Amino acid sequence: METKYYLNQDILPTIPTPHDCWVTAVKYDSEFLTLTFEKDISPHDSIKDSNSNAKSLRIRIHLLDPIFDTYKWKSKLSLMKGEGFILENNDKIFKKRFKPMQYLAHYVAYNSIIIELFQSEYIVIKIESDFIEFEWIEK
């Protein structure tokens, strides 16, 4: 089952949040960022409320700009600067030695979405998008 959410309307949609579900793959090109979730997401409370028949989920985010920003939390930025978010290379996080990450939250605004993930540190992705597709893979 596929559901499309438009981020370029006067009234923004309420998009289900697959909170605490594991993202097992991230792919992107000039048109879409695709998040693929674990094979059995049905035990998660956030999924029971959204789609109780779900076996897995794929989220496709249409990119208005093929360049999106990804920030990663660093507890030590340099010798004297403390901690904070730094802008990371997308290939470094999503392509080289990819490790599964937990989906924490997302926030929508007109033509944009911010996604929070967690791996060993927090990861925040800022994307310019006009629509998002949820492809529910059902049992």
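Read on for a plain summary of the structure. The shown structure was predicted, so the numbers you read here are calculated from the model rather than taken from an experiment.

Some details on the overall build of the protein
Alright, step 1. Tallying secondary structure elements over the protein gives 2 helices and 10 strands in all.
Alright, step 2. Mapped in sequence order, the helices and strands of the protein form the string β-β-β-α-β-β-β-α-β-β-β-β.
Alright, step 3. For 139 residues, the compact-globule estimate of 2.2 N^0.38 gives 14 Å, and the protein sits close to it at 15 Å.
Alright, step 4. With the C-alpha coordinates of the protein rotated into their principal frame, the extents come out at 50 × 35 × 25 Å.

Details of the pattern of salt bridges
Alright, step 1. For the structure shown, the criterion picks out 7 salt bridges.
Alright, step 2. The closest approach of N and O atoms between glutamate 135 and arginine 58, which form a salt bridge, is 3.0 Å. Of the two residues, glutamate 135 is situated in strand β10 (residues 131–138) and arginine 58 in strand β4 (residues 54–62); the sequence distance between them amounts to 77 residues.
Alright, step 3. Between lysine 74 and glutamate 88 there is a salt bridge, and its shortest N-O distance comes to 3.8 Å.

Some remarks on the environment of threonine 34
Alright, step 1. If you trace the backbone, threonine 34 turns up in strand β3 (residues 32–37).
Alright, step 2. Its relative accessible area of 14% is what places threonine 34 among the buried residues.
Alright, step 3. A C-alpha to C-alpha distance of 9.8 Å links threonine 34 and isoleucine 132, two positions 98 residues apart in sequence.
Alright, step 4. Apart from residues lying up to four places away in sequence, threonine 34 is in contact with Ala25, Val26, Lys27, Arg58, Ile59 and Arg60.

A few points about the sheet that holds strand β1 (residues 2–6)
Alright, step 1. Taken in spatial order, the 10 strands make up an open sheet running β1-β10-β4-β3-β2-β7-β8-β9-β5-β6, and their pairing is antiparallel. The open sheet has two edge strands with one neighbour each: β1 and β6 (84–88). For this sheet, the mean inter-axis angle between neighbouring strands, taken without regard to orientation, is 25 degrees.
Alright, step 2. Alignment of strand β2 (residues 22–28) against β3, held across 5 bridges, turns out to be antiparallel.

As for the packing of aromatic side chains
Alright, step 1. Counted by the stated rule, this structure contains 9 aromatic pairs.
Alright, step 2. Judged by centre distance (6.2 Å) and plane angle (50 degrees), the ring pair of tyrosine 6 and phenylalanine 131 falls under tilted. Of the two residues, tyrosine 6 is situated in strand β1 and phenylalanine 131 in strand β10; the sequence distance between them amounts to 125 residues.
Alright, step 3. Taken together, a centroid distance of 6.1 Å and an interplanar angle of 70 degrees make the contact between phenylalanine 32 and phenylalanine 131 edge-to-face. Of this pair, phenylalanine 32 sits in strand β3 while phenylalanine 131 sits in strand β10; the two residues are 99 residues apart in sequence, bridging distant segments of the chain.

Some points on the environment of phenylalanine 68
Alright, step 1. For phenylalanine 68, the position within the fold is in the loop between β4 and β5 (69–74).
Alright, step 2. Residue classification places phenylalanine 68 among the buried residues on the basis of a relative accessible area of 3%.
Alright, step 3. Remark: the alpha-carbon pair of phenylalanine 68 and proline 13, spanning 55 residues in sequence, is separated by 21 Å.
Alright, step 4. The residues contacting phenylalanine 68, other than those within four sequence positions of it, are Tyr28, Leu33, Leu63, Asn90, Phe94, Ile125, Lys126 and Ile127.

Details of the pairing of β3
Alright, step 1. Along β3, 5 of the 6 residues are buried, which leaves the element largely enclosed by surrounding structure.
Alright, step 2. Sheet topology places β3 next to β4; 5 bridges connect them, and they run antiparallel. Within β4, the position partnered with threonine 34 by the bridge is arginine 60.

Definitions and cut-offs
- Residues numbered from 1 in each chain as written.
- Predicted model: local features only at pLDDT ≥ 70, side-chain atom pairs only at ≥ 80, totals over all residues.
- Heavy atoms only, no water.
- Helix = DSSP H or I, 4+ residues; strand = E, 2+ residues; numbered from the N terminus.
- Rg over C-alpha atoms; globule rule 2.2 N^0.38 Å.
- Salt bridge = Lys/Arg side-chain N within 4 Å of Asp/Glu carboxyl O.
- Buried < 20%, exposed > 50% of the residue type's maximum accessible area, 1.4 Å probe, protein only.
- Contact = heavy atoms within 4.5 Å.
- Pairing = 2+ DSSP bridges.
- Axes fitted to C-alpha atoms, helices over the stretch in contact; angles between N-to-C directions.
- Phe/Tyr/Trp six-rings, centres within 6.5 Å; stacked < 30°, edge-to-face > 60°.

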